[in-house]
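# Structural overview
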There are 2 protein chains.
Amino acid sequence: MARAATTSDAFNAVAEPRRRDILSYLALQERPVGDIVFTLGLEQPSVSKHLRVLRDVGLVNMRRDGRQKFYRTNAEAIRPLHEWTGEFERFWKHQLTRIKERAEETEEEKENA
Amino acid sequence: MARAATTSDAFNAVAEPRRRDILSYLALQERPVGDIVFTLGLEQPSVSKHLRVLRDVGLVNMRRDGRQKFYRTNAEAIRPLHEWTGEFERFWKHQLTRIKERAEETEEEKENA
DNA sequence: AGAATATATTCTCATATGGGAATATGTCAA
DNA sequence: TTGACATATTCCCATATGAGAATATATTCT
């Protein structure tokens, strides 16, 4: 088996830096593809391909208006990632405490030396 | 260019479901490789390879003790992902409000019909 | 030294990628 | 209908993947 498809879930889709840029850009308000191309300075086909991936995993919604298509980030789909990473919050808080403790121990050793 | 390496950053490393499983397992306390193999039911070489990726991006730390190697999740390295996804929190909260509003509008339409 | 244990690396392979270039599709206007 | 505009898809290619199998490395014990 090769690497999981980028379209297999939000984790894979979001691994691409440009897709993260697009999601950030489309979070505040919907935008037509051309705006994304212009603002992020990417090639149009590239943007279309990224949007396709994002749509497939539900990270963006699309609305057609004439010949334009307006995309917008579906923040709700990012929530699971936030929750998964949030599981580790208590650990990094503990780790900081431990690092601090270790630093204080080192200070004591210095004093004893 | 192909897809970015899994070792290029935490986002890419974490896209693999097994690596997420490993990170969760190693968050609470350090464990030797054999424990991961046994608990998660993966092949030993597979676990070693995943650990290699996780180490390369700083998501786990390693300590050797005799012939065993103890790995442990470095939660701090997950923090950037939590923070990036956290940027969208205000949007999904707004979205929920909007969905609620839309539902209420629909109720009104029903009443008017 | 030699054997057993714990972990890591190498190899092959099917598969997917993202970029670039070219082209296709869909929509509006004249 | 023809042309212009907006977006999407297809093709090619270099590159990386994860699994499996085999093998290598490192460490301890006898």
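Here the structure is shown first, and the text comes after it.
Now for a quick tour of the structure. Sequence order as written defines residue numbering, which begins from 1 separately in each chain. In the order they appear in the text, chains get letters beginning with A and ligands get numbers beginning with 1. Per-residue local features are limited, in this predicted model, to residues with pLDDT of at least 70; the limit for side-chain atom pairs, both in listing and counting, is 80 or more; totals at the level of whole chains, interfaces and linings are taken over all residues. Where side-chain values are given, they derive from all heavy atoms of the structure, hydrogens and water being excluded.

## Focus: the overall build of chain A
The line we're drawing: Here a helix means four or more residues in a row that DSSP labels H or I, a strand means two or more in a row labelled E, and each is numbered from the N terminus. In what follows, residue pairs with any heavy atoms lying within 4.5 Å of each other are defined as contacts. For every accessible area listed, the method is Shrake-Rupley and the probe measures 1.4 Å; residues are considered covered only by the protein chains on display.
Check the secondary structure of chain A and you find 6 helices and 3 strands. For chain A, the N- to C-terminal ordering of α and β elements is α-α-β-α-α-β-β-α-α. Once local pairs closer than 6 in sequence are excluded, the contacts in chain A between residues at least 24 apart make up 52%. Accessible area of chain A: about 7100 Å², with a carbon and sulfur share of 47%.

## Digging into empty space enclosed by the protein
Convention followed: Lining residues are defined by having an atom within 4 Å of a point belonging to a cavity or pocket. Those points lie on a 1 Å grid over the protein atoms alone, cavities being sets where a 1.4 Å probe fits but cannot get out and pockets being open sets with protein on both sides within 12 Å along at least five of seven lines. Grid points are joined across faces, edges and corners, and a volume is the space filled by probe spheres set on the points. Polar here means any residue outside two lists: the nonpolar Ala, Val, Leu, Ile, Met, Phe, Trp, Tyr, Cys and Pro, and the charged Asp, Glu, Lys and Arg; Gly therefore counts as polar.
By the definition in use, this model includes 2 cavities of 30 Å³ or more. In this structure, the largest cavity encloses a volume near 50 Å³. Lining the largest cavity, in full, are F11(A), V14(A), L81(A), T85(A), F11(B), V14(B), L81(B) and T85(B). Every element with two or more residues in the lining of the largest cavity is listed here: α5 (79-86) of chain A together with α5 (79-86) of chain B. Split into classes, the residues belonging to the lining of the largest cavity amount to 6 nonpolar, 2 polar and no charged.

## Some details on the protein's contact with DNA strand D
What counts is decided by this rule: If a single non-hydrogen atom of a residue is within 4 Å of a molecule or strand, that residue counts as near it. Counted as a polar contact is a pair of N or O atoms within 3.5 Å, where, for protein atoms, one must be capable of donating a hydrogen and the other of accepting one, and residues adjacent in sequence contribute only when both atoms are in side chains.
Surrounding DNA strand D, one finds 29 residues, the nearest of these being M1(A), Q44(A), Y71(A), R18(B) and K49(B). Backbone atoms, meaning sugar and phosphate, make up 61% of the atoms of DNA strand D lying within 4 Å of the protein. Contacts to DNA strand D include G34(A), whose backbone N or O atom sits 2.8 Å from a phosphate oxygen. Elements that contribute at least two residues to the surface near DNA strand D include exactly α3 (33-40), α4 (44-56) and β3 (68-73) of chain A together with α2 (17-28) and α4 (44-56) of chain B. For the surface near DNA strand D, the leading source of residues is α4(A), giving 5 residues.

## Digging into the pattern of salt bridges
Once the charged atoms of two side chains with opposite charge are near each other, the side chains can pair. All names here are of chain B. Rules: The rule for a salt bridge is simple: a side-chain nitrogen of Lys or Arg has to be within 4 Å of a carboxyl oxygen of Asp or Glu. Remark: exposure states derive from per-residue accessible area (1.4 Å probe, protein chains only) relative to the maximum for the residue type, with buried under 20%, exposed over 50%, and partly exposed in between.
Counted under the stated rule, the structure contains 10 salt bridges over all chains. Put simply, R63 and E30 hold a salt bridge, and the shortest N to O gap is 2.6 Å. With R63 in strand β2 (residues 60-65) and E30 in the loop between α2 and β1 (31-32), this residue pair connects regions lying 33 residues apart in the sequence. On the accessibility criterion, E30 (27% relative accessible area) is partly exposed. One salt bridge in this structure joins K93 and E89, with 3.4 Å as the shortest N-O distance. With K93 and E89 both in helix α6 (residues 89-112), this residue pair falls 4 residues apart, about one helical turn.

## Considerations on the nonpolar core
Keep this limit in mind: To define a nonpolar core, start from buried Ala, Val, Leu, Ile, Met, Phe, Trp, Tyr and Cys residues and group those joined through side-chain atoms within 4.5 Å. These domain boundaries are the output of an automatic or database domain assignment.
Of all hydrophobic cores here, the largest spans 57 residues; its most connected members are L23(A), L59(A), F88(A), L59(B) and F88(B). Two domains share this core, each providing at least three of its residues, namely domain 1 (1-76) and domain 2 (78-113) of chain B. Not counting residues within four places of it along the chain, the set of residues in contact with L59(A) comprises A10(A), A13(A), V14(A), L23(A), L54(A), R72(A), T73(A), N74(A), A77(A) and I78(A).

## Considering the relation of the copies chain A and chain B
What connects the two chain copies is a rotation about an axis and a shift along it. Defined as follows: Least-squares fitting of one copy onto the other uses the C-alpha atoms of those residues that reach a pLDDT of at least 70 in both copies.
Screw-axis analysis of chain A against chain B gives a translation of 0.0 Å along the axis, an RMSD of 0.0 Å, and a rotation angle of 180°. When the rotation and shift are considered jointly, the pair of chain copies conforms to a two-fold rotation axis. For chain A, the minimum C-alpha distance to the rotation axis belongs to H82(A) and amounts to 2.7 Å. Interface residue correspondence from chain A to chain B reaches 100%, placing this contact among same-surface, isologous pairings.

## Regarding the protein's contact with DNA strand C
By nearness alone, 29 residues border DNA strand C, and T6(A), R18(A), M1(B), Q44(B) and Y71(B) come closest of all. Looking at DNA strand C alone, sugar and phosphate atoms form 59% of those within 4 Å of the protein. At 2.7 Å, a side-chain N or O of R18(A) approaches a phosphate oxygen of DNA strand C. Separating a sugar or linking oxygen of DNA strand C from a side-chain N or O atom of R67(B) is a distance of 3.2 Å. Of all elements in the fold, only α2 (17-28) and α4 of chain A together with α3 (33-40), α4 and β3 (68-73) of chain B reach the threshold of two or more residues within the surface near DNA strand C.

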